[in-house]
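Chain and residue survey
So you can see what is in the structure, the chains are spelled out below.
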Amino acid sequence: MIKHLINGKWVESPETFETINPATGEVLDVVAHASAEQVAEAVQAAKEAFPAWANMSVKKRSKIIERIGDLIAENVDELSELETRDTGLPLYQTRNALIPRAAENFYFFAEWPSR
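Presented here is an overview of the structure given in this document.

Cut-offs applied
- Residues numbered from 1 in each chain as written.
- Predicted model: local features only at pLDDT ≥ 70, side-chain atom pairs only at ≥ 80, totals over all residues.
- Heavy atoms only, no water.
- Helix = DSSP H or I, 4+ residues; strand = E, 2+ residues; numbered from the N terminus.
- Expected span 1.5 Å × (residues − 1).
- Buried < 20%, exposed > 50% of the residue type's maximum accessible area, 1.4 Å probe, protein only.
- Arc of directions from axis to C-beta.
- Contact = heavy atoms within 4.5 Å.
- Axes fitted to C-alpha atoms, helices over the stretch in contact; angles between N-to-C directions.
- Parallel < 35°, antiparallel > 145°, perpendicular 65-115°, else oblique.
- Left-handed = near helix turned anticlockwise from the far one by under 90°.
- Nonpolar A, V, L, I, M, F, W, Y, C, P; charged D, E, K, R; others polar.
- Salt bridge = Lys/Arg side-chain N within 4 Å of Asp/Glu carboxyl O.

1. Concerning helix H2 (residues 58–74)
Over its 17 residues, H2 runs 24 Å from end to end, which matches the ideal 24 Å to within 8%, given 1.5 Å per residue. Along H2, the residues classified as buried are Arg61, Ser62, Ile65, Gly69 and Ile72. Across the axial projection of H2, the buried residues extend over an arc of 100°, all falling on one side. Set apart from the buried face of H2 by more than 90 degrees, the exposed residues are Lys59, Lys63 and Glu74.

See below:
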């Protein structure tokens, strides 16, 4: 079961949906479907967290964003396989274009706060 992460806590939902491999019809996992209350809770948590993020030094924010890019880049093979199973896209495309591009996007945005 894939849960929500709301305000630092893993949260289940009363409603769920299955994510299915379009190539095989295999159920990959069951995913929590957020209720309106859970969405409101997540939005409130984000609003409460924003001042700390906004007041964080540019250097520290950039390092956090860059670290996300690093984690993606370090796990291209695994993320590519997951993305291919979830979307049905060719592994060549997810491994050589989409997942590396996701890392590059985070690197780009890691540089942006200093501009």
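2. Brief notes about the environment of Val31
Residue placement: Val31 occurs in strand S4 (residues 27–33). Sequence separation of Val31 and Ser13 is 18 residues, and the distance between their C-alpha atoms is 8.7 Å. Beyond its immediate stretch of four places on either side in the chain, Val31 contacts Met1, Ile2, Glu15, Thr16, Phe17 and Thr19.

3. Observations regarding unusual backbone geometry
The phi dihedral of Asn7 falls on the positive side, at around 55°, and the residue is not glycine. Looking at the element boundaries, Asn7 is found in the loop between strand S1 (4–6) and strand S2 (9–11). Residue classification places Asn7 among the exposed positions, given a relative accessible area of 54%.

4. Here's the deal with the packing of helix H3 (residues 76–87) against helix H4 (residues 91–111)
Two elements in contact, H3 and H4, have axes separated by 9 Å at closest approach and are oriented at 120°. Put simply, H3 runs oblique to H4. Crossing of H3 over H4 shows right-handed handedness. Counted together, Val76, Asp77, Leu79, Ser80, Glu81, Glu83 and Thr84 of H3 and Leu91, Thr94, Arg95, Ile99 and Pro100 of H4 form the full contact between these two elements. When its residues are assigned to classes, the contact of H3 with H4 shows five nonpolar, three polar and four charged.

5. Some thoughts on the environment of Trp53
Positionally, Trp53 belongs in helix H1 (residues 36–55). Ignoring sequence-local partners within four residues, the contact set of Trp53 consists of Arg61, Ile64 and Ile65.

6. A closer look at the side chain of Thr84
By the element assignment, Thr84 lies in helix H3. Apart from residues no more than four positions distant in its own chain, Thr84 is found in contact with Leu89, Pro90, Leu91 and Thr94.

7. So, the pattern of salt bridges
Summed over the entire model, instances satisfying the criterion amount to five salt bridges. A salt bridge links Glu26 to Arg85, with the nearest nitrogen and oxygen atoms 3.3 Å apart. Of this pair, Glu26 sits in the loop between strand S3 (15–20) and S4 while Arg85 sits in helix H3, and the two are 59 residues apart along the sequence. By relative accessible area, which is 34% here, Arg85 ends up partly exposed. It is possible to trace a salt-bridge network through shared partners that takes in Asp77, Glu81 and Arg95.

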